[in-house]
Every structure is written in C-alpha cells, then in structure tokens.
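# Inside the fold
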Amino acid sequence: MEGTTNIILCGTGGQGILLASEVICAAAWNSGFDVKKSEVHGMAQRGGSVSSHVRFGDKVYSVLVEQGTAHLILSLEKMEGLRWAHFLSPKGRLVSADIRINPMTVNTGAAEYPDVDLLIEEKGIPCTEVPVLFIAKELNNYKVVNVALLGAASTLIPGIEVSAWEKAIEERVPAKAREVNMEAFNRGREVPHIVKEVRT
Amino acid sequence: MVKKLNQVRSGTLFLSGNEAIARGAWESGAHFAAAYPGTPSTEILETVGEHYPEINAQWAPNEKVSLEVVAGASFAGARVLSAMKHVGLNVAADPLFTLSYIGATGGIVVVSADDPGMHSSQNEQDNRLMARAAKVVMLEPSDSQEALDFTREAFEISEEFDTPVLLRVTTRICHSKSLAKVGDRKEIPVKGYTKDIAKRVPIPANARKMHTRVEERLKKVSEWGDGSSLNRVEMRDTSVGVITSGISYQYVREVYPEASVLKLGLTNPLPWKIIEDFIRSVGRIVIIEEGEPYLEESIRSRFLIDARGKALVPNEGELNPELVRKALKPESVIETPIQATALPGRPPTLCPGCPHRGAFHTMAGMKFSSTGDIGCYTLGLMPPYNALETTVCMGAAVGVLAGIEKALEGMEMPRLVAAIGESTFVHSGITGLIDMVYNGNTGTVMIMDNSLTAMTGGQENPTTGRTLQGKPAPVLDLVEMVKACGVNRIVVVDPHDLKEMKRVLKEETQAPELSVIITRRPCIMAYKPLRKSVAAHDPDKCVHCKACLRLGCPAISWDPEAGVPAISEMHCWPNCNLCVQVCPVGALSKDLEGVV
C-alpha cells in the first residue's frame, strides 16, 4: 500500500532484534498508525540469522516487506545488512551497526567473511554506519547496541515524534534497563547529525 | 508491561497470532489446555500458562497424549484446547480421526500450526488435507484479530455441531503481530461427566451410526457457513475474482487492491453456495493459496470451471507479496535497485556452553556418527561435528538404528549410535527402545539429557521437575525407566567430562549387548551462572594447532593476524571449560570456582 513505511531489522540470534522491532511497533502504534510485524523464531535463536519485518501506515495488509520497497534496513551485524540490501527501495537506506560476528563457517575456516564495506561501496548501497559499540562502551552495557542503533535510525523514520519513541521504550523495555536504554537511544539519535557534519 | 493479560478486560492489544489464540481461548471460557511444544505453535500454551491462570494448562509428553487428555476433559464437559505443530498432528491423528466421530461435549479446538517454508520443520505438509481426511470443521484466520475471533467462533461451532474444530494457522500467522480488539472472559461452568456409551465407544455398531452423523454434520456446517461472517465477499472490479484464505488473503489485498475477493475463513467443509454465487458474479476466477491446491481442486471438481491456482503460484515454500504480485499482476512487478549478494550462510549453532557439544566433539574425534532425532542436537549434523546422518521424525533415532542393525546382521555395522534428547525420548523414543530390547538389538542409544525441551525455547517436560504453570512436579527417572524396559547396560555421564565421555562411548559401543548412555548436563537456559568467567589464552604457550576451534564453539574464533585463537568475552559461557580440556599444551585456562 502506498504510504506504508517498510522496515527490516536484521542481525544474529541474541542481539535484541526482536526488542528493537517491538519498540518500533509500539512507537508507530502510539503515533496512531496501523502496525504489523513478522519474525521467524525457532532454529534462528541458536546464533543463526534473525530478521523482523515491520510495516506501519493507515492500513497494512501484508506482514512481509516486498523486495525493492524497504525504506530502512536496520542491521546489528554488518554482513546481515548486506544480506537484506536488495530489499531496499530506490530511496532506502541501510543503517548498520559497526559489529562483525563471524558465522561458524568462518570461525572454522570453511568460509571467508566478505569485505562488507567494499561490497557496499561497489553496489552503491546508501549506508550509515553507527558506532554502537562506542556508545555501548561509554554506557558500559553491551546489550544496548540494539536501542542505540534504533536511536540513530529513528531520525529517518517519518511520522513518529520523539515523545512516541520515549513512550515506546518505557512500555517495552523492562524497568531496570529503561534508563540506560533511553540514554543509548538518545546518543544513537545524535549519530546521523554527526555523520552529516563529517561528510559536509 | 509485566501485567498479566487477564487483567486487560477490553481495548486493543498488539498480539502475535499465537497470543491471540490464547486470548481467544480465555475469552471463550476455556477450562483446560494441553500441548507438546513445537515451532511455530509453542507460544500458544506458553501464553496461556503465563497470562491466563483461569485455564488449567499443561505440557503433555507428546501430541497424542495432549489430544487424549483434552478429549477426556471435553467428555467431562470442559471447553478445551490442544495446540501442536503440523507434524505433531500426525502423532495426534489417531485420537483426532475418531474424536471426529465421537464429537465434543465441551468444545474442542485443535490448533494445527503449519510451517510452509520449513523455517523450523522437516516437511511442509498442508494440514488442510488432514482436516478433510478427519472430516472435522476447519477455520483459517488471516491475522491476529481473526486468530482471536475465530478461536472464539471455533468453540461455539464445536459445541453447536458436536465436532472438534481444527484451527489451521501457519508460521506467518503464529509469529506475526497485529492489532486486535480484545474482550472479557465469558465464564461457563464445566458441564460435568455423564455416561454416554453410544456416543463415546466406537465399536463398529456405534461407529457406523457415528459416521452417518459425521456426513450429516458436514452438510449442515457447509450450509451454515454460507451465511457465516467467517467468509466474506468483497466486490470490487468484477473482471477478476480471487478466492483465497489465511495469510494469502493479505498478500492479495496488498498487491491487487482493486480485485474482487472471496475470503474463506471456513475451509472445511467448504461453504458451496457462497462460492457458487461468487463464481457467477465475476469474470475470471483465480485461486491464491499457500501449499497444496486444496481449494483449487475442491472448487474445480465441484463446479467444473477453469479456475487457475497452482499454475500461477508454487505449492512449495511460503507465498509472499512478490510471488502473488507475479501471479496476479505481473505488469506491476517491482524493480529492485540493488541486486542480492551471495554471502556465507549463518546457520544456527549449538549455544556456547551447550552440553551436547561435549558429546558431539567426542563422537567426531572417535569417528562416530548417529541416527539422529528432532531437537537442538539435530545440529550435530553440522561441521565441525558431522556426527548425525539421519532424521525422520520425533523418536525415530532409536527405531532407525534398530533397523540398520537388522538389515546388516552378520555384516559390518557403520559407526553409529542413536542420538536422542530426553524430551524426544519420552515423547516417542521409548517405544523404539522397548522394540530393541524385545527384538534382540545390540546397539548403543545415547539419551542426551539436558532436562529441558530446548529447541523450542526451553519448555518444561517430565524430566524437569516443574510444570508449565510453575508447580513442582516429580522428576521422571530415566535410568529406572530404561532399566524397566529391560536394558542391562546403562551409564550416566557428564558430556563435558571429555575423558570420561570418550571412555564410556568406547566401552559401550564395544559391548556385545544393548547399551544406553545418558549424557546428563542441564541446558544453559535452565540456570543463571552466579558470576562471569572467561577462558584465558596464553599466546606464548599456544602451538597454533586449532584444536580449540574444532569444538565449534561460537566464543572461539581465529585471529588471523596474531595467529592464535580469540575468545569472545561476550559469548564465553562461565560454566564450561571444554576448550581448556582440548588444548594439548595448556595454553587455555579458566576459573570455574563458584560460577554455578
């Protein structure tokens, strides 16, 4: 449907993809949109690739984002972002964490981890890399990488005000981790501006 | 957010299909629910257990038992639900097919969660065909709101028409979330048990009458369905009429918003009148359905029309908007500006600290492999272990090993043991073991006991000591159970004690009689370590042999620049020292004091 925002979140098992997609859905719902999301459980939990499709707008039918229509891909692992890049729309953008996690095949030497930066450049994929590891280190909490990435991406998601994001984090993040996640979100939110300043 | 959902009496919730089914059962006044975990159905009972204490919910040892206990509860006049994955319905098919004849005293809803695309399954059977074969009523929701509403409707249909109702969902319904209006619980008293032999004992004389009633029931429900809101005609452009059901409806609406649509919610028996009227009022008929040509063959043979279906969309895998667009509106296919990149896959792996790693590493080192089964340990097939060669269905590891032995009697046996988790063994492996004892097999069965049904996310089972709703339970004693089957050689070993694991595997596989090894160590999801502990690596001692990498541990990778292993602080599991044990020169060390 026209007017629907399409987002794909990806990464590997245990990185907090599902919580991040919950927060986006809550924020979109708080902003008055119809929302759907889809994810795959099961085998994916054992360190495999994990992805979640989120769509919101006036009325959403398909739970799946169609190839060539994703406005944003949020990736918590560099190669996983590249794996989904063909879903990007002509105006879409990949927002990727600066995290590399080797698949087992790479660890055992059966496969090689590709030069993701080079491939992104060669294919002309619009991409913002977010230094989530730096933010996580500053906050002394590795688990907040998902929400830091979300903070950076939130500036690129139309139709959702900051207050709706904050309310969503309050609703979806367990009480004891709320404060540090809010901080990670805010620091992530600064990132695109910093990147822009550097480039211009 | 921590609030139990039974406190929410009205309003809108953002629910997965599975959560919506649980909610629907609660609102319907369901009294009792039972299931065996299986992706993508598991969260239905988990949600009931966590949020809806008004429903007495429990894990059963397998799907057949889960359906039998809900059948009994229905006989006693309770509203009941049983949930399972598609292949689970094969296990429960025996009670289902006869329950269809017997009917429902208290409403019976059976959820079949199919897995087209095989995200987490060994086949992609389409259980709409099971509903037809069992002659039970079937409903197919297409989002979470319908999952909730159809569950409520299913209880009403079940009691009104005296039939079990199959609520057929798929992974994309179960694991997708959408907004759903919720209501309050309707309290219904349990009717109580009354003796009714003619109804509940299908000896042939009774069963023949029952079958007649089943045929009448299907006719009645079909006619009722013509006027039911479960089915919906949406007239728009009449040149094309699409007949669809379940998740496929959403894809049709997405890619072809101007088409007329007949959306079927009741798909067994089919509501013939409404289908006939729709066919008459549109031009070309297209049938969009995931999986087998169930609607297509039914409709084509009934009306002898040239409706196109599987000629346009595949019967393998899941449907998605791309495939449906190509089928319905090929001229609108969306260009993708960026081409897909071929990348190394990222298959799932055993967790860091997983008990199974010790067993599979030992097997790999001794060139042993296994007839395998369904669970986390199916991952034993992956490199670097390559220690699993067959998987058929739940419990089959044991029977398959027995059969290989029988075929090769007097010939050289391949180096195989049967590898089966304790939950799967209790589910249906034990009958295989009884067969091995009875028929004189001499092989080795390895029961990998982590006391948790792990692959589906960590559910309780009879060996855990706790029920779904958190009550303490007796722990099933596997050793005594195996002994009672008639096995004389039984060894319990900690699979993380690699020396002992190797000794036991060698000794038991050489024994001239049937032997059972129980590898016992709790799943890492079952406990929280008291403190962090990370393996330390001394690069000066390292001889760069990569023995630690052959563990296939996600915490160990190779640092190509330094030429030594790198230990991931984040992934290293505190209560595991497998890498310390395999290092031949003592370059790895770890302090395990006080971590558990």
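Keep in mind the model is a prediction, meaning the values are calculated, not measured. (Residues numbered from 1 in each chain as written. Chains lettered and ligands numbered in written order. Predicted model: local features only at pLDDT ≥ 70, side-chain atom pairs only at ≥ 80, totals over all residues.)

With that out of the way, let us pick up the overall build of chain A. Counting its secondary structure elements, chain A contains 8 helices and 6 strands. Scanning chain A from its N terminus toward the C terminus, one meets helices and strands in the order β-α-β-β-β-α-β-α-α-β-α-α-α-α. Taken over C-alpha atoms, the radius of gyration comes to 16 Å for chain A, in line with the 16 Å a tight globule of 200 residues would show. Each principal axis of the C-alpha distribution contributes one length, and for chain A these read about 50 × 45 × 40 Å. When the 200 residues of chain A are sorted by exposure, 57% land in the buried category. (Helix = DSSP H or I, 4+ residues; strand = E, 2+ residues; numbered from the N terminus. Rg over C-alpha atoms; globule rule 2.2 N^0.38 Å. Buried ≥ 20, exposed ≤ 12 C-beta atoms within 10 Å, placed from the backbone.)

Bringing the overall build of chain B into the picture now. Along the backbone of chain B there are 20 helices and 22 strands. Seen through its C-alpha atoms, chain B measures out along the principal axes to roughly 80 × 65 × 55 Å. Counting the 596 residues in chain B, one finds 53% classified as buried. Intrachain contacts of chain B at a sequence separation of at least 6 include 75% that bridge at least 24 residues. (Contact = placed C-beta atoms within 7 Å.)

The interface is formed by 52 residues belonging to chain A together with 49 residues belonging to chain B. Listed by contribution, the elements that provide at least two residues to the side of chain A that touches chain B are α1 (17-30), β2 (34-39), α2 (78-84), β5 (88-97), α3 (104-107), α4 (116-123) and α7 (162-172) of chain A. With 6 residues, the top contributor of residues to the side of chain A that touches chain B is β2 of chain A. Grouping the constituent residues of the side of chain A that touches chain B by class yields 24 nonpolar, 18 polar and 10 charged. Bridge analysis of β2 of chain A against strand β8 (residues 176-182) of chain B gives 3 bridges, and the strand direction is antiparallel. Bridged to lysine 36 of chain A within β8 of chain B is serine 178 of chain B. (Nonpolar A, V, L, I, M, F, W, Y, C, P; charged D, E, K, R; others polar. Pairing = 2+ DSSP bridges.)

All names here are of chain B. Contact geometry for helix α1 (residues 17-27) and helix α2 (residues 43-51): axes closest at 8 Å, N-to-C directions at 50°. Accordingly, the angle class assigned to the pair α1 and α2 is oblique. Classified by chirality, the crossing of α2 by α1 is right-handed. Across the interface between the two elements, Asn18, Glu19, Ile21, Ala22 and Ala25 from α1 touch Glu43, Ile44, Thr47 and Val48 from α2. The residue inventory of the contact of α1 with α2, partitioned by class, reads 5 nonpolar, 2 polar and 2 charged. (Axes fitted to C-alpha atoms, helices over the stretch in contact; angles between N-to-C directions. Parallel < 35°, antiparallel > 145°, perpendicular 65-115°, else oblique. Left-handed = near helix turned anticlockwise from the far one by under 90°.)

Turning our eyes to something else, we now look at the sheet that holds strand β15 (residues 416-421) of chain B. Residues and elements named next belong to chain B. Across the sheet, which stays open at both edges, the 5 strands sit in the order β14-β15-β16-β18-β17 with parallel pairing between neighbours. Bordering the open sheet on either side are β14 (369-371) and β17 (489-493), each of which pairs with just one other strand. When strand polarity is set aside, the average angle formed by the axes of neighbouring strands in this sheet is 30°. Relative to the sheet, helix α15 (residues 355-365) contacts β14, β16 (444-449) and β18 (515-520), its axis offset from that of β16 by approximately 155°. Along the sheet, helix α16 (residues 396-407) contacts β14, β15 and β16; its crossing angle with β15, the most-contacted strand, is approximately 165°.

This part takes up the pairing of strand β20 (residues 556-559) of chain B. Here 4 bridges tie β20 of chain B to strand β21 (residues 564-567) of chain B, and the two strands are oriented antiparallel to one another. Bridging from a neighbouring strand, isoleucine 556 of chain B pairs with isoleucine 567 of chain B of β21 of chain B.

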